[in-house]
Amino acid sequence: MEKPVEGNLNGRGLRIGLVSSRFNDFIVTHLVRGAETALRQCEVSDADITHVRVPGSFELSAAAMRMAKSTKYDAIICLGCVIRGATSHYDLVCAEATKGIAQVGAQTGVPTIFSVVTTDTIEQAIERSGTKMGNKGYEGALAAVEMANLLSKMEEDGNDIL
C-alpha cells in the first residue's frame, strides 16, 4: 500500500482569508486571536492574511464565497459564535451557516473551514474559545493550512492521485 497523501502545516506563501462575525464578539474575538496565533506559528505572513467582518454567523458564507471566487486565497476560515436562546432562531442560524460554509468549499474548491462555535450556554462558548476545550479558531487555522497544502499537493501530483 502506498503512503497516504497528506497536507502539512507549512503556511509560508499561503494566502488566508478570515471571515468573522461581529455578533457575540466577546467570544469571536478570542477565536480570531486563536486563528491568528496558529497562522503565525505555521509561518503565514501577516501580509498574507485578510480579515473581513460580517454582522452575524448567517452572513459568513456570503463573504467567504466572494473571497473564494476571487481566487486570491488558498483557504478561508469562518469564525463565529451562536448560543442557544429561547426561540428556534438558534437552530435556523446554525443549520444555514453550516450549509452555506460547506457550499463555499464544495462549489469553489477553496478549503473553507467551519470554526463557528455552536453551544447551549455562554459557559460552553467560553470553554471553546480558549479555555479547557481549546480554541476552535486555532484549530480551524491549522485545518486551513493543512487543507491548502493537501489540495495543492494533489493538484501538483495530478493523475497519480486522482
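The paragraphs below set out a description of the structure included in this document. (Residues numbered from 1 in each chain as written. Predicted model: local features only at pLDDT ≥ 70, side-chain atom pairs only at ≥ 80, totals over all residues. Heavy atoms only, no water.)

## Concerning the layout of surface pockets
Looking at the largest pocket, its volume works out to about 320 Å³. Lining the largest pocket are 15 residues, with Asp74, Ala148, Leu151, Ser152 and Glu155 sitting closest to its centre. Residue classes in the lining of the largest pocket are distributed as six nonpolar, four polar and five charged. In this structure, the second largest pocket encloses a volume near 220 Å³. Around the second largest pocket, the lining is made up of 16 residues, and of these Phe23, Cys81, Val82, His89 and Val93 lie nearest the centre. Of all the elements in the fold, those that place two or more residues in the lining of the second largest pocket are strand S3 (75–83) and helix H3 (89–108). Grouping the amino acids of the lining of the second largest pocket by side-chain chemistry returns seven nonpolar, seven polar and two charged. (1 Å grid on protein atoms, 1.4 Å probe; cavity = no way out; pocket = protein on both sides within 12 Å on 5 of 7 lines; lining within 4 Å. Points joined across faces, edges and corners; volume = space filled by probe spheres on them. Nonpolar A, V, L, I, M, F, W, Y, C, P; charged D, E, K, R; others polar. Helix = DSSP H or I, 4+ residues; strand = E, 2+ residues; numbered from the N terminus.)

## Observations regarding the side chain of Ser61
Structurally, Ser61 is set in helix H2 (residues 60–69). Setting aside anything within four residues of it in sequence, one finds Ser61 in contact with Gly100, Ile101 and Val104. (Contact = heavy atoms within 4.5 Å.)

## A word on the pairing of strand S2 (residues 49–54)
Inspection of the sheet shows strand S1 (residues 16–21) paired to S2 by six bridges, in the parallel sense. Within the sheet, the bridge partner assigned to Ser20 lies in S2 and is Arg53. Since S1 and S2 lie parallel, the crossover through helix H1 (residues 25–41) that links them has a hand, and here it is right-handed. (Pairing = 2+ DSSP bridges. Right-handed = clockwise from strand over helix to strand, strands pointing away.)

## So, unusual backbone geometry
Leave glycine aside and you will find that most residues have negative phi; peptide bonds, for their part, are mostly trans. With a phi close to 60°, Asn24 is a non-glycine residue in the positive phi region. Tracing the backbone shows Asn24 in the loop between S1 and H1. Despite not being glycine, Thr71 has its phi angle at roughly 60°, a positive value. Here Thr71 shows up in the loop between H2 and S3. Under the relative-accessibility criterion, Thr71 is labelled exposed at 61%. (Buried < 20%, exposed > 50% of the residue type's maximum accessible area, 1.4 Å probe, protein only.)

## Things to note about the pattern of salt bridges
Counted by the stated rule, this structure contains nine salt bridges. For Arg15, the salt bridge identified is with Asp74, shortest N-O distance 3.5 Å. Here Arg15 is found in the segment before S1, whereas its partner Asp74 is found in the loop between H2 and S3, with 59 residues between them in sequence. Residue Arg15 is classed as partly exposed on the basis of its relative accessible area of 33%. (Salt bridge = Lys/Arg side-chain N within 4 Å of Asp/Glu carboxyl O.)

## Looking at the environment of Asp74
Residue Asp74 is classed as partly exposed on the basis of its relative accessible area, which comes to 24%. Considered as a pair, Asp74 and Gly140 are 66 residues apart in the sequence and their alpha carbons are 14 Å apart. If near-sequence neighbours (up to four positions away) are discounted, Asp74 is found in contact with Gly13, Leu14, Arg15, Val110, Pro111 and Ala148. Here the side chain of Asp74 touches Arg15 through a polar contact of 2.7 Å, landing on its backbone nitrogen. (Polar contact = N/O pair within 3.5 Å; in protein donor to acceptor, adjacent residues only side chain to side chain.)

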